[in-house]
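Letter by letter, the chains look like this.
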Amino acid sequence: RTYHIQVSARRDFRVPWRPSYDVVVRGPQWQVPRRGMFSPDTPYHWRVRSRSVPGVWSAWSPIWTFQWRGPCVPLQVCNEFTERGILLHWAPNPRGTRPVAYDVYGSDEKGFPVHREPYDAYVRGRTPGNLVMRTSATSLLVVCPKPTAPNQNRCYYRVVAVDAEGTESVSSALAE
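What you are looking at is a predicted structure, and each value in this text was computed from that prediction instead of being measured.

Draft legend 1. Inspection of the pattern of salt bridges at higher detail. Tallied over the full model, the rule gives eight salt bridges. For Glu168, the salt bridge is made with Arg116, and the minimal N-O distance between the two is 2.6 Å. Taken together, the residues Glu168 in the segment after strand E12 (156-163) and Arg116 in the loop between strand E7 (99-107) and strand E8 (119-121) connect sequence positions 52 residues apart.

Draft legend 2. Focus on the packing of aromatic side chains. Counted by the stated rule, this structure contains five aromatic pairs. Note on Trp46 and Trp64: the rings are 4.6 Å apart at their centroids and 35° apart in plane angle, and the pair reads as tilted. With Trp46 in strand E3 (residues 43-51) and Trp64 in strand E4 (residues 64-67), the pair connects residues that are 18 residues apart, well separated along the chain. Grouping aromatic residues by their ring pairs yields a cluster made of Trp17, Tyr44 and Phe66. The ring of Phe13 is capped by Arg47, whose NZ or CZ atom sits 4.2 Å from the centre of that ring.

Draft legend 3. Spatial organisation of the pairing of E3. Here strand E1 (residues 2-8) runs beside E3; their pairing, made up of seven bridges, is antiparallel. Bridge pairing links Ser8 to His45 in E3. Of the pairings in the sheet, the one linking E3 to E4 comprises four bridges and is antiparallel in character. Looking at E4, one finds that Tyr44 is bridged to Phe66.

Draft legend 4. Representation of the environment of Thr42. By the secondary structure assignment, Thr42 is in the loop between strand E2 (22-26) and E3. Looking at Thr42, the relative accessible area reads 23%, which means it is partly exposed. Separated by 27 residues in sequence, Thr42 and Arg69 place their C-alpha atoms 9.2 Å apart. Not counting residues up to four positions away in its chain, the partners in contact with Thr42 are Phe66, Gln67 and Trp68.

What counts and how
Residues numbered from 1 in each chain as written. Predicted model: local features only at pLDDT ≥ 70, side-chain atom pairs only at ≥ 80, totals over all residues. Heavy atoms only, no water. Salt bridge = Lys/Arg side-chain N within 4 Å of Asp/Glu carboxyl O. Helix = DSSP H or I, 4+ residues; strand = E, 2+ residues; numbered from the N terminus. Phe/Tyr/Trp six-rings, centres within 6.5 Å; stacked < 30°, edge-to-face > 60°. Lys NZ or Arg CZ within 6 Å of the ring centre and 35° of its normal. Pairing = 2+ DSSP bridges. Buried < 20%, exposed > 50% of the residue type's maximum accessible area, 1.4 Å probe, protein only. Contact = heavy atoms within 4.5 Å.

As structure tokens, then:
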């Protein structure tokens, strides 16, 4: 079977929440394509319909509503030049759940997407993950003479907040 899934902040589904939340999938399971794509305390609506083998769509299911709970994107991401190297700073977002950790990502690609594991990048093909490390602090030495973590000494950085449940925010604005 094939299924059509829609997610929207509007109960009339006139506009999907993101283009990737108006999808047709094969099989009865689907995962949100990217983490951190919802805002906390905002009602979202979703529905589904199925297509039979001959290609006839069913009626839409009842509309279900959910609210995402998790941390919001870190704020004020910036760097500071110090004697030890470049220190990346950020502030926790007062909205959403309280972060207990932050994942810092680094890349030489401006506008890069965050990935822990290798991923398929459009045009470039298989690309290594870009996680620098997880920290509970709100700053991290990202450029230094003797790097101690992968993806240190890069041109661009992003920060993702993680709460006690392991829920992650969307990635921060780019710091260069």
